[in-house]
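# A look at the structure
Each chain, written out:
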Amino acid sequence: MTRSKIAAFLALAFVVLFCFAGVTATTTVKDVTVSVEMGMPKLLFSLSSAPLLLIPLAIVAAVAAFIAFIQNEKNVGMLFSFVAAVSFALFMVFFSMEEKNSALYTPISEALNLAEVKFKKRDVKLISTSFDIMTYIALACIALSCVIGHGSFAKDQRHILKRDLLPYAYIAPHLFFFVVFFMTPAIYGIYAAFTKWDLFNEPVFTGLENFKTLLFDSSNTYYKQLRNGLGNTIKFVVMCVPFCIIVPLSVALALNARPKGNKLFQALYYLPSLMSISTVTLTWRYVFNVQYGIVNKCFGVKANFFMPPYTWIMLVIVTVWWCTGSTMVIYQSALASVPQDQYEAAAVDGAGTIQKFFNVTLPNMVYPLMYTLVTAVVAQFNIFGQPDILVGFSNGEANAVLLQYIYENSVKKQVAGMSSAMAVILGLCIMVVSFIQMRMMVKNQEN
Amino acid sequence: MKKTLALVLSLVMLLAAANAMAVTEIDYWSVFTGGDGAVMQGMVDAFNASQDEVHVNHTPMTADDLYQKIPLTVQTGTGIPDVAVVHIERIPNFVAKDMLYPYDMELVAQAGIVAENYNQAAWERTDIDGEHYGIPLDVHGYITYINKDLFDKYDLNEFVADGYITFDEIRALGDKARAAGFTGQIFDLGWMRAQLLGYYAQLCDGHKLTDDGVNLSLDKDAMKKVMETMKSLYEDGYTTQKTDDYSSMFYGGELLVWSEGIWMKAAVVDAGVNFEMYPAVCFEPSTCKEWMSSHNFVQFADEERTEEEDLAVAKFINFMGENSLTWAKDAGQVPAHVSLNAVEEYASMPQAFLSDPERVDELAIYYYLHWGLFDTAFSRVGWDFVDGTISIDDAIAQIEQEVADAIAAQ
């Protein structure tokens, strides 16, 4: 067996042993000492300890190391083994340092109740933790895989080491933040969808209960909210996305004609996309204000744009204003790369401006158009800031989009499990739509 | 040797002096923003200037923000304020989740805080399982403002002669004013939750929200009558429309009777309106009640807080109570510290009628374990039942269903 294969085996052993490793927690309350044991996988999904965020990083790195070693990429395997070992060791250090570990409070409190100790949360002063032998063996395995599987450090081999590892050094910062702050919370979010959770106490695993309620229990509030929210979100996407394409395209075409001051206008059009959603919405709030708004003053009307039938129009205007800049830049770049000889050939054939646009410009812009269509659809499915700040629930549920319900249920009402299930359904919808669009894009490219 | 000894002594004296000058820093979060926030900051500054042992750092934020931040702050155990002001309705839920520490009554008594000094309607509601969790700063509620100039102009004072305005009188005074040429609006439908819960309290004794303390069980007949009354006033043209800016209408002399919080008094004074305050509009004067709440000082669970800090907090709370004339004068609130009742300046303020010990029973302070869920669900139906988007029966059913589903899903 080669060193690489042994290292791969050890990296795999780490993942397997992790599943059987555990921790023992001990505390003393009112002279009664209780101890409980908890397996690592269960601990991982307790959702209430910051050091636990390092575990997914360690697992992902160990799997990456396993794959690298299998492919005989010793240096890469060594790097990922090292990351996994360090992440796991850091987790063990920081987790042990937590004086009152929230992840372990629930089983500890159950043990205290069993021991018939009357206590309040604040009486549980210190929960000390110790890892079992399996945890240390798992750590030893991944550390050994790094030691055994490494490539050569010989002077004449260092260029190979540099060649193998340098690309990872470039992506390492992004990868770290992606795994810890994006992928891990996303995994936890998906897990939370299968629980009953009030954000304060430990989540209780309920299997598919939330999805069953959301999809089949027509008498339930959340069933209705999902339908209304998703319906309104789709309504908004259908209303808004065409303008998110047409308006920036028109502006890009206009600027492409190089009018006087085009650079200034380009900067002005791009400016809103640099602003935060709060700035954008608060600005438009004043523009559309019933009493003092410039729109009502200019047109001499007293319309309340925050109420039906104007609400959707206002939300589309605000969104298009905000999104135009970034899409416009993509179109400008695409327009600049349309071959001039095609225009010239079209002109020779007697094509007018409109014919040139439809027969030369558009066919050359299919890819950027499809790309912006996908990104616009995904972005508008995630609409939240505009309706939440401008309208909230002031129109009852007439304009409520799904993310408003998700936010309100999870943060305000602390119904986090159900909200996560709603978020997962929204995510799946976006994935399906994006997948179809991507397929169309690829097909178009092949043609 | 002498030099070393002198150096050590100087250091010891320096440390002793530094220790003597040590100031206890207190983090204080409140739900006061806007005008109220400025008044509260002034009171905090006054406390800080009044002594040099305690320094209070005030962080104002909207109530929504505070109620969202607090559970996460307490759970993570970092950045927990030493003292915070919350609405009294929220306290049972915080206690149930073990998020609050009860006051050590012996310790707070050292700072002068005893139950007898406070409005009992508010104080007693935060006695839970033999422990005390809240010290009230004020009681505040939704009452009625009338435009005195318009009442004089259209000869409507007969309708307020007994100190109360009934729903029948709203119609009668509206008809009389319009007959005399008044073109504005008679009565407003504003913050529906506060308005409706005040009227609901008038019809169900004990302003009931729950039978078992956990699940929501409205008195449906009472709630239906309240909603039907609002709807009929709206349909008969006596109330503002959903799109109306009712506060501007009142300031501009286009609204006769305005249901609003007592905290708007300063704004009404600033607008230069000649006004009078009355209890909430009622079905019968004998059963008149208004929706009330109370801002309470509470201490969220923080294991690292010392007894010294707890005492400093108690001194601060006591100062706020004893000096709450400013709170009454500038913020228009009704202080919960009973010492204010003996202050002549306070007695002459329009909101002082809410401090009358005989009216304590009329203050409808709701107190329900899942108030937050109920508040959201109730606010949601807002105008929908008035303008007919949903029927009244459906509105009531929707509120109950939403709360029940949220409890089940938590």
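Just so it is clear, the structure is predicted and the values come from calculations on it, not from any experiment.

Each helix and strand in chain A was counted, giving 19 helices and five strands. Computed over its C-alpha atoms, the radius of gyration of chain A comes to 28 Å, more than 25% above the 22 Å expected for a compact globule of 447 residues. Along the first, second and third principal axes, the C-alpha atoms of chain A reach 85 × 65 × 40 Å.

This part covers the sheet that holds strand β2 (residues 32-39) of chain A. Paired through their backbone hydrogen bonds, the strands of a sheet run either parallel or antiparallel. Residues and elements named next belong to chain A. The strand order across the open sheet formed by three strands is β2-β1-β3, and the pairing between neighbours is antiparallel. For this open sheet the edge positions go to β2 and β3 (128-131), each flanked by a neighbour on one side alone. Each adjacent strand pair in this sheet contributes to an overall mean axis angle of 20°, direction not counted. Alignment of strand β1 (residues 22-29) against β2, held across eight bridges, turns out to be antiparallel. Across the sheet, Thr 27 pairs through a bridge with Val 34, a residue of β2.

Turning our attention to the pairing of strand β10 (residues 255-261) of chain B. Residues and elements named next belong to chain B. Of all seven residues in β10, six are buried; the element is thus mostly enclosed. In terms of strand pairing, strand β8 (residues 138-147) meets β10 through five bridges, oriented antiparallel. Counterpart to Ile 143 in the pairing with β10 is Glu 260. Here two bridges tie strand β9 (residues 185-187) to β10, and the two strands are oriented parallel to one another. Paired with Gln 185 across the two strands is Leu 255, which belongs to β10.

Quick look at the domain arrangement of chain A now. When cut into domains, chain A gives domain 1 (3-192) and domain 2 (213-446). Computed over C-alpha atoms only, the centres of domain 1 of chain A and domain 2 of chain A are separated by 41 Å.

Confidence along chain A averages 89 in pLDDT terms, with 98% of residues attaining 70 or more. Within chain A, no element has a lower average pLDDT than helix α5 (residues 102-114) of chain A, which sits at 83, and none a higher one than helix α8 (residues 209-216) of chain A, at 96.

All names here are of chain B. Here the domain parsing of chain B yields domain 1 (2-137 + 294-322) and domain 2 (141-291 + 366-409). Of note, the centres of domain 1 and domain 2, computed from C-alpha atoms alone, are 35 Å apart. Listed by partner, the interface residues are 10 residues for domain 1 and 10 residues for domain 2. Taken together, the elements giving at least two residues each to the side of domain 1 that touches domain 2 come down to α2 (34-50) and α4 (91-96). In terms of residue count, α4 provides more of the side of domain 1 that touches domain 2 than any other element does, three residues in total. Here the side of domain 1 that touches domain 2 is built from residues that sort into four nonpolar, two polar and four charged.

Now for the nonpolar core. With 166 residues, the main nonpolar core has Met 422 of chain A together with Ile 170, Phe 316, Ile 317 and Phe 374 of chain B as its most contacted residues. Counting 50 residues, the second-largest nonpolar core is a separate cluster that includes Leu 10, Leu 17, Met 40 and Ala 68 of chain A.

All names here are of chain A. One way to put it is that helix α1 (residues 3-20) packs onto helix α4 (residues 74-97) with a least axis distance of 11 Å and a crossing angle of 25°. Between α1 and α4, the angle falls in the class roughly parallel. Considering only the axes of α1 and α4, their crossing is left-handed. Mapping the contact onto sequence places Ser 4, Ala 7, Ala 11 and Phe 14 in α1 and Lys 74, Gly 77, Ser 81 and Ala 84 in α4. The class makeup of the residues in the contact of α1 with α4 is four nonpolar, three polar and one charged.

All right, on to α5 of chain A then. For α5 of chain A, with 13 residues, the first-to-last C-alpha span of 19 Å sits near the 18 Å given by 1.5 Å per residue. For α5 of chain A, every residue scored as buried is listed here: Ser 102, Ala 103, Leu 104, Pro 107, Ile 108, Ser 109 and Leu 112 of chain A. Summarising the contacts, the buried residues of α5 of chain A are in contact with β1, β2, α2 (40-44) and β3 of chain A together with α3 (63-76) of chain B. The first or second residue beyond α5 of chain A is Glu 116 of chain A, which carries a positive phi of 60°.

Examined against the element boundaries, Ile 70 of chain B turns out to sit in helix α3. Judged by the 22 C-beta atoms lying within 10 Å of it, Ile 70 of chain B is buried.

Listed in full, the buried residues belonging to helix α18 (residues 402-412) of chain A are Leu 402, Leu 403, Gln 404, Tyr 405, Ile 406, Asn 409 and Ser 410 of chain A. A positive phi of about 50° marks Gln 414 of chain A, the residue just after α18 of chain A.

Moving on: the environment of Asn 289 of chain A. Mapped onto the elements of the fold, Asn 289 of chain A is located in the loop between α11 (277-287) and α12 (294-299). With 17 residues separating them in the primary sequence, Asn 289 of chain A and Phe 306 of chain A have C-alpha atoms 8.4 Å apart.

Another point: the interface of chain B and chain A. Opposite the 24 residues of chain B that make contact, chain A presents 24 residues. When residues of the side of chain B that touches chain A are traced back to their parent elements, those giving at least two are α3, α16 (371-381) and α17 (392-409) of chain B. The element contributing the most residues to the side of chain B that touches chain A is α17 of chain B, with five residues.

Basis of the calculations
- Residues numbered from 1 in each chain as written.
- Chains lettered and ligands numbered in written order.
- Predicted model: local features only at pLDDT ≥ 70, side-chain atom pairs only at ≥ 80, totals over all residues.
- Helix = DSSP H or I, 4+ residues; strand = E, 2+ residues; numbered from the N terminus.
- Rg over C-alpha atoms; globule rule 2.2 N^0.38 Å.
- Pairing = 2+ DSSP bridges.
- Axes fitted to C-alpha atoms, helices over the stretch in contact; angles between N-to-C directions.
- Buried ≥ 20, exposed ≤ 12 C-beta atoms within 10 Å, placed from the backbone.
- Domains from an automatic or database assignment.
- pLDDT = per-residue confidence, 0-100.
- Contact = placed C-beta atoms within 7 Å.
- Nonpolar A, V, L, I, M, F, W, Y, C, P; charged D, E, K, R; others polar.
- Core = buried A, V, L, I, M, F, W, Y, C linked by C-beta atoms within 7 Å.
- Parallel < 35°, antiparallel > 145°, perpendicular 65-115°, else oblique.
- Left-handed = near helix turned anticlockwise from the far one by under 90°.
- Expected span 1.5 Å × (residues − 1).

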